[in-house]
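Residues per chain are reported as follows:
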Amino acid sequence: EPVFKARSNELFLFPTSFHASLDLIKEEARPLSAKAVDWEPGPTLEMNSFALVTGSWATKEGPSALEALDDFHAYTEEFGAQRLSWNEKRVCTILELQTFNLEEPILFPSKEDYFGCFSFIDVAVDADLDGLMERATPAVPPSEFEEKRKALREALTRKVCPDLVTVQVPMRADRKQR
């Protein structure tokens, strides 16, 4: 992908570990990350959670941003050195996500073109997405999420880079208006 950019403000969290190395994950996050690294796709894929993009920013100072936001992600400094410093002209996108657990998983057939080196894929899901999302429960209680959100945004404005810009993320095209 030439530019990492969320294509919608609603997305499923796909269980993948492409380019993953547990050495680039903080010690406390490794047990959960190990599940993704060991995951092997079968004929059916299962989505158990989704996320809302509640904020999006871009900067050319990826490693500095990673360090400034250390309390908000699972990556090591080595991750920043390896994955964010390889092209100094490349823009780093920071996504703020509010994650939800689905009441019941969404199952859909696995396809070869779902796997590879890219961040977003379109999946054909035959389900009432709006109904599923309305019945989902926040992974982090709303009051705790708001505290973390406020702290993240303070860290962004106080510590991160002078070139930080807000990026608009489009709503899902078929989203029902409420």
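Everything that follows concerns the structure shown earlier in this document.
What comes next is a walk through the structure. Per chain, residues are indexed from 1 in the order of the written sequence. In keeping with the predicted nature of the model, local features appear solely for residues at pLDDT of at least 70, side-chain atom pairs appear and are counted solely at 80 or more, and the whole-chain, interface and lining totals rest on all residues. Neither water nor hydrogens contribute to the side-chain values; these are computed over all heavy atoms in the structure.

**Things to note about the overall build of the protein chain**
In step 1: The helix and strand tally for the protein chain stands at 5 helices and 5 strands.
In step 2: Start at the N end of the protein chain and walk to the C end: the helices and strands fall as β-α-β-α-α-β-α-β-α-β.
In step 3: Taking all contacts inside the protein chain whose residues are at least 6 apart in sequence as the whole, residues at least 24 apart take part in 86%.
In step 4: Exposure was quantified through the Shrake-Rupley algorithm and a 1.4 Å probe, taking into account, for residues, occlusion by the shown protein chains and nothing else. Of the roughly 11600 Å² that the protein chain leaves accessible, carbon and sulfur atoms contribute 51%. Runs of H or I in DSSP of at least four residues are treated as helices and runs of E of at least two as strands, each being numbered from the N terminus. In this analysis, two residues are considered to be in contact whenever any of their non-hydrogen atoms come within 4.5 Å of each other.

**With respect to helix 5 (residues 142–159)**
In step 1: Multiplying 1.5 Å by the residue count of a helix minus one yields the expected span of that helix. With 18 residues, helix 5 ought to run about 26 Å at 1.5 Å a step, and its terminal C-alpha atoms sit 25 Å apart, in line with that.
In step 2: Each residue is assigned to one of three classes by its accessible area relative to the maximum for its type, calculated with a 1.4 Å probe on protein chains only: buried under 20%, partly exposed between the two thresholds, exposed over 50%. Within helix 5, the full set of buried residues consists of F145, L152, A155 and L156. Angularly, the buried residues of helix 5 cover 100° about the axis, an arc narrow enough to put them on a single face. The exposed residues of helix 5 that point more than 90 degrees off its buried face are S143, E147, K150, T157 and R158.
In step 3: Where helix 5 is buried, its residues meet strand 2 (44–59), helix 2 (62–68) and strand 3 (92–109). Comment: arc refers to directions from the helix axis out to C-beta atoms.

**Regarding the environment of N9**
In step 1: As for its position among the elements, N9 is in the segment before strand 1 (10–12).
In step 2: On the basis of relative accessible area, N9 is assigned to the buried category, the value being 17%.
In step 3: Along the sequence, N9 and A51 sit 42 residues apart, while their C-alpha atoms lie 8.1 Å from each other.

**Things to note about the environment of E78**
In step 1: Turning to its location among the elements, E78 is positioned in helix 3 (residues 77–84).
In step 2: For the pair formed by E78 and I25, sequence separation is 53 residues and the distance between their alpha carbons is 8.9 Å.

**Here we look at the pairing of strand 2**
In step 1: Counted residue by residue, strand 2 has 12 buried out of 16 residues, so it is predominantly covered.
In step 2: Two strands pair when backbone bridges link them, and strand 1 and strand 2 are joined in this way by 3 bridges, in the antiparallel orientation. Directly across from F12, in strand 2, lies its bridge partner F50.
In step 3: Of the pairings in the sheet, the one linking strand 2 to strand 3 comprises 14 bridges and is antiparallel in character. Residue L52 lies in a different strand from strand 3, and its bridge partner there is Q98.
In step 4: Pairing between two strands requires that DSSP report at least two bridges joining them. Both strand 2 and strand 5 (residues 165–166) contribute to a ladder of 2 bridges, which runs antiparallel.

Any functional reading would require information that these geometric values do not contain.
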